[in-house]
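Here are the chains, one letter per residue:
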Amino acid sequence: MKSSIDSFNKYVMGTYGRYDIVLDKGKEETVTDDYGKKYIDFGSGIGTNSLGFGYPAWTESVISQIKKLQHTSNYYYTEVQGEFAKRLCEISGYKNVFFGNSGAEANECAIKIARKYSFDKYGADSKRYEIITLQQSFHGRTVTTLSATGQESMHNYFFPFTPGFVHITPDIRAFEAALTDKTCAIMLEFIQGEGGVINLTEEFVKGVFDICKERDILVIADEVQTGCGRTGKFLASQNYGVKPDITTLAKAIAGGLPMGACLADEKCAEVLGRGDHGSTFGGNPVCSAGGNAVIKTISAPGFLDEVIKKGDYFREKLGKFDAVEDITGLALMIGIKFKDGINAADISKKCHDNGLLVLTAKDKLRFLPPLTITYDEIDAGLAILDKVLLQEN
Ligand SMILES: Cc1ncc(COP(=O)(O)O)c(C=O)c1O
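Computed from a prediction, not measured in an experiment: that's the story for all the values here. (Residues numbered from 1 in each chain as written. Predicted model: local features only at pLDDT ≥ 70, side-chain atom pairs only at ≥ 80, totals over all residues. Heavy atoms only, no water.)

## Some remarks on the domain arrangement of the protein
Interfaces are often described in size by the accessible area the parts lose on coming together. Note the following rule: In this document the domain limits rely on a domain assignment from an automatic tool or a database. A contact between two residues is defined here by any heavy atoms of the two lying within 4.5 Å. Defined in terms of a 1.4 Å probe, buried area is the accessible area two parts forfeit on being brought together, summed over both. The term salt bridge refers to a side-chain nitrogen of Lys or Arg lying within 4 Å of a carboxyl oxygen of Asp or Glu.
Here the domain parsing of the protein yields domain 1 (2-54 + 302-392) and domain 2 (69-298). If you average the C-alpha positions of domain 1 and of domain 2, the two centres end up 27 Å apart. Taken together, the contact pairs 26 residues of domain 1 with 28 residues of domain 2. Both faces combined, the contact of domain 1 with domain 2 buries some 2200 Å², and carbon together with sulfur accounts for 61% of it. Among the residues domain 1 hides against domain 2, the three largest losses belong to Leu304, Met333 and Lys362. Together they make up 27% of the total. The interface formed by domain 1 and domain 2 contains one salt bridge. Of the charged contacts, one joins glutamate 194 and arginine 366 as a salt bridge, the two residues approaching to 2.8 Å between their closest N and O atoms.

Dropping the structure here:
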């Protein structure tokens, strides 16, 4: 509604480009605006509503927790946070976890662990604090995670940025050239999401892991967007057959409630001790209850196999569209590059007009649908995209 948009814009800082749509309520993989118009959701709130809207087991878990205890602070233990940590470690194979509330916070924690690991082991004089990241990466909006982010356009206004980050192309020779005695870690996304749904090659990943192992350099995987089943495995790293020292998660992890997690393996699990890090809301009981429902659901037999099948189904259908030049990503993380002359941002706008929520990433259209999307919904959503593309010609 025009008046509520005007009021919103008057009182909320203008940091986002928004569609002129006021979303009102959601059910499963469909959301309705304040005029009652329905949209199929191929965006899931940027890969966050992993089980769609109002998934019964998730809703039940969250509501029963909110009735019991909504917050305690981390001066106390709660069963629900402990259960969530256990589930996360068991499903991912990591030793322990720190909980924050967002992807940026999960990455801040990873950066602190990486630097302290070297501080403890090599001493302050070694100045072993440099972290290599990739060009086109996206790691968050805090000053330090912006420094980590390898996009020049984001290194503006907020000077001075946190020193100690080096950005390279995903090329093993570039990695070797960037290594110095000060390097303590590399941080990477296996599939760059915001950077344009760009998959790292297996060759690069393997090369990085071999060198890091040899030189005691930590590998941090930012799986904020790729994690929690999006690529058909719980972690995208499992598709590459590697285990990073640290993995960060957020977005999908609690099914749409604020949650970030920094998972550490044996090498890094004891690096942060009492007082080294913290977060008032981190591991909040209600969000943890949402997280428990997500992990229980996606670890049910066959669930992730279905994610892979649905990803294949999307790709097979998209491959038949004349306008599509290339499809990137993995399983239900989908980047679509159109042929010359077709602008992804325009297509996105028209999809919205026609009842389909989609995302863009650089010059691509991007789909991050709920993992629970059905084949009928995929068909219906792609029929909208087809109609929009036909209008382009
Ligand atoms: C790979 C990656 N890392 C970090 C972030 C930042 O997450 P948040 O916005 O929850 O801080 C994002 C957000 O898009 C992301 O895609």
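## Some details on the layout of surface pockets
Note the cut-off: Lining residues are those with an atom within 4 Å of a point, where the points come from a 1 Å grid over the protein atoms alone and group into cavities, where a 1.4 Å probe fits but cannot get out, or pockets, open sets with protein on both sides within 12 Å along at least five of seven lines. Grid points are joined across faces, edges and corners, and a volume is the space filled by probe spheres set on the points. Secondary structure is summarised from DSSP: a helix means a run of H or I of at least four residues, a strand means a run of E of at least two, and numbering begins at the N terminus for each. Under the scheme applied here, ten amino acids are nonpolar (Ala, Val, Leu, Ile, Met, Phe, Trp, Tyr, Cys and Pro), four are charged (Asp, Glu, Lys and Arg), and all others, including Gly, are polar.
By volume, the second largest pocket amounts to about 1100 Å³. Every residue lining the second largest pocket is counted, 35 residues in all, and those nearest its centre are Asn74, Gln81, Val97, Phe98 and His277. Elements with a minimum of two residues in the lining of the second largest pocket: α4 (79-92), β4 (96-100), α5 (103-122) and β12 (260-264). In terms of residue count, β4 provides more of the lining of the second largest pocket than any other element does, four residues in total. Here the lining of the second largest pocket is composed, by residue class, of 17 nonpolar, 17 polar and one charged.

## Brief notes about the packing of aromatic side chains
Stated precisely, the cut-off is as follows: Each Phe, Tyr or Trp ring, with Trp reduced to its six-membered ring, pairs with another whose centre is within 6.5 Å; inter-plane angles below 30 degrees give stacked pairs, above 60 give edge-to-face pairs, and intermediate values give tilted ones. Exposure categories follow from relative accessible area, calculated using a 1.4 Å probe and restricted to protein chains: below 20% of the type maximum is buried, above 50% is exposed, and the middle band is partly exposed.
Under the definition given, this model contains eight aromatic pairs. With centroids separated by 5.1 Å and ring planes inclined at 5 degrees, the aromatic side chains of phenylalanine 84 and phenylalanine 99 adopt a geometry described as stacked. Of the two residues, phenylalanine 84 is situated in helix α4 and phenylalanine 99 in strand β4; the sequence distance between them amounts to 15 residues. Each member of the pair, phenylalanine 84 as well as phenylalanine 99, carries the same accessibility label: buried. Here a set of aromatic residues connected by ring pairs shows up, and it is made of Phe42, Phe314 and Phe367.

## Some thoughts on the pattern of salt bridges
Evaluation of the coordinates by the stated rule reveals 17 salt bridges. One salt bridge connects aspartate 120 with lysine 116, and the closest N-O pair in it is separated by 3.1 Å. Note that aspartate 120 and lysine 116 are positioned in helix α5 at a spacing of four residues, about one turn of the helix. Overall, aspartate 120 belongs to the partly exposed group, its relative accessible area being 45%. Two residues, lysine 349 and aspartate 353, come together in a salt bridge whose shortest N-O distance is 3.0 Å. Here aspartate 353 and lysine 349 lie together in helix α12 (residues 344-353), a separation of four residues that amounts to about one turn. Residue class for lysine 349 comes out partly exposed when judged on its relative accessible area of 42%. Residue classification places aspartate 353 among the partly exposed residues on the basis of a relative accessible area of 41%. Several salt bridges converge on common partners, so that one network encompasses Lys116, Asp120 and Asp276.

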